[in-house]
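Report on the structure
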Amino acid sequence: MSMFSVFDISGSAMSAQSQRMNVTASNLANADSVAGPDGEAYRAKQVMFESQAASRRGVGGVGVREVVEDPAPLRREYRPEHPLADEQGYVSLPNVDPVAEMANMISASRSYQANVEVMNTNKQLMLKTLTLGEG
Amino acid sequence: MIDQLEASLNFSQQALSLRHERQKVLASNIANADTPGYKARDMDFGAELAKATRQGGAGAGGGLSLARTDGGHLAGQGMPSPRGELLYRVPDQPSLDGNTVDMDRERTAFADNSVRYQASLTLLNSRIQGLKKAMQPE
């Protein structure tokens, strides 16, 4: 149904942005996790967006292609008294950059809002169109 | 009689469906505001509307046309070919990741387009009301 594909477009963007928000929340929550399930410190993750323009005309929604791990090196801090310190007395800390994550979070929430607005406006227009010729 | 009705509603109908097309394009721009490499698109609404109404009015050029073997046959016409040729927006400030969506511009265009859609809708509605009233027995 081409009439309702605007909802698909905005809906896909909303779900992609909320996935980005999830990843940001996970990064911020684990900003101090020195040990993960594999014994390594937590590594920051980032989502990669991909346009879903399937048609030849290049109009479409957006999706998350994959969630990639930040390749930046882990932070190392000299804490010889820490139980997880290595032989030289260094502890590996997550490579999460809290400032960048906060900026990411604000950007995601703004984009989400914009798409909600698009969807609401469209809903009103569609409802009005359905009552065409009445009354 | 019926084709006259259609002719009187044709313009608003074309305008409405083109507005809807444009709405989709703008929604897609807003949705892809954070996609690396995405190029914002838009259409030249005036030119597209002129093209659409010319096709509809002349009864030719659009989609498949119906062969008429008798002068009394109505001119039939299939769905016009997909319209709305899309152009690329020229960015004011290109970003590093190749994305050319300017959120302010897109949202302005979207609000503008919504209001104009509503205006077309109101116009079409009042035209239908007028025709209905004219057909009413008093």
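Notes on the structure in this doc start here. These numbers were taken from a predicted model, which means no experiment stands behind them.

1. Considerations on the overall build of chain B
A tally of regular secondary structure across chain B gives 3 helices and 2 strands. Walking chain B from its N terminus toward its C terminus, one meets helices and strands in the order α-β-α-β-α. Within chain B, the proportion of its 138 residues that are buried is 36%. For chain B, the accessible surface area stands at approximately 8,200 Å², while carbon and sulfur atoms represent 57% of it.

2. Focus: the packing of aromatic side chains
Scanning the entire structure with this criterion turns up 1 aromatic pair over all chains. Lying over the aromatic face of phenylalanine 45 of chain B, arginine 19 of chain B brings its terminal NZ or CZ to 3.6 Å of the ring centre.

3. Some words on the packing of helix α1 (residues 5-29) of chain A against helix α1 (residues 2-31) of chain B
Close contact between α1 of chain A and α1 of chain B brings their axes to 9 Å; oriented N to C, the two are set at 5 degrees. Taken together, the axes of α1 of chain A and α1 of chain B are roughly parallel relative to one another. Between α1 of chain A and α1 of chain B, the contacting residues are Ser5, Val6, Ile9, Ser10 and Ala13 of chain A on the first element and His20, Lys24, Ala27, Ser28 and Ala31 of chain B on the second. Broken down by class, the residue content of the contact of α1 of chain A with α1 of chain B amounts to 5 nonpolar, 4 polar and 1 charged.

4. Considerations on the pattern of salt bridges
Residue and element names in this part refer to chain B. For the structure on display, the rule yields 14 salt bridges over all chains. Among the ionic pairs, arginine 116 bridges to aspartate 112, the shortest N-O distance being 3.0 Å. Pair noted here: arginine 116 and aspartate 112 are both in helix α3 (residues 103-135), with a separation of 4 residues, about one helical turn. Residue arginine 116 is classed as partly exposed on the basis of its relative accessible area of 43%. Overlapping salt bridges, with partners in common, bring together Arg22, Asp42, Arg89 and Glu106 in one network.

Definitions and cut-offs
Sequence order sets the numbering: in each chain, residues are counted from 1 along the sequence as written. Throughout, the order in which chains and ligands are written sets their labels, letters from A for the former and numbers from 1 for the latter. In keeping with the predicted nature of the model, local features appear solely for residues at pLDDT of at least 70, side-chain atom pairs appear and are counted solely at 80 or more, and the whole-chain, interface and lining totals rest on all residues. Hydrogens and water molecules were not included; the side-chain quantities draw on all heavy atoms of the structure. The way it works is that DSSP assigns letters per residue, a run of H or I at least four long becomes a helix, a run of E at least two long becomes a strand, and they are numbered from the N terminus. We call a residue buried when its accessible area falls under 20% of the maximum for its residue type, exposed when it is over 50%, and partly exposed in between, using a 1.4 Å probe and counting protein chains only. Using the Shrake-Rupley algorithm and a 1.4 Å probe, accessible areas are obtained, with residue cover drawn only from the displayed protein chains. In this analysis, rings of Phe, Tyr and Trp, with Trp reduced to its six-membered ring, are considered paired at centre separations within 6.5 Å, and the interplanar angle assigns stacked below 30 degrees, edge-to-face beyond 60, and tilted for intermediate values. A positively charged side chain is recorded as over a ring if its NZ (Lys) or CZ (Arg) lies within 6 Å of the ring centre. The angle to the ring normal must also be within 35 degrees. Convention adopted: a line fitted to C-alpha atoms gives each axis, helices being fitted over their contacting stretch, and angles between N-to-C directions are expressed from 0 to 180 degrees. Between 65 and 115 degrees an angle is taken as roughly perpendicular, under 35 as roughly parallel, over 145 as roughly antiparallel, and anywhere else as oblique. The contact criterion used is simple: two residues touch if any of their non-hydrogen atoms lie within 4.5 Å. For this classification, the nonpolar set comprises Ala, Val, Leu, Ile, Met, Phe, Trp, Tyr, Cys and Pro, the charged set comprises Asp, Glu, Lys and Arg, and every other residue, Gly included, is treated as polar. Definition used for salt bridges: Asp or Glu carboxyl oxygen within 4 Å of a side-chain nitrogen of Lys or Arg.

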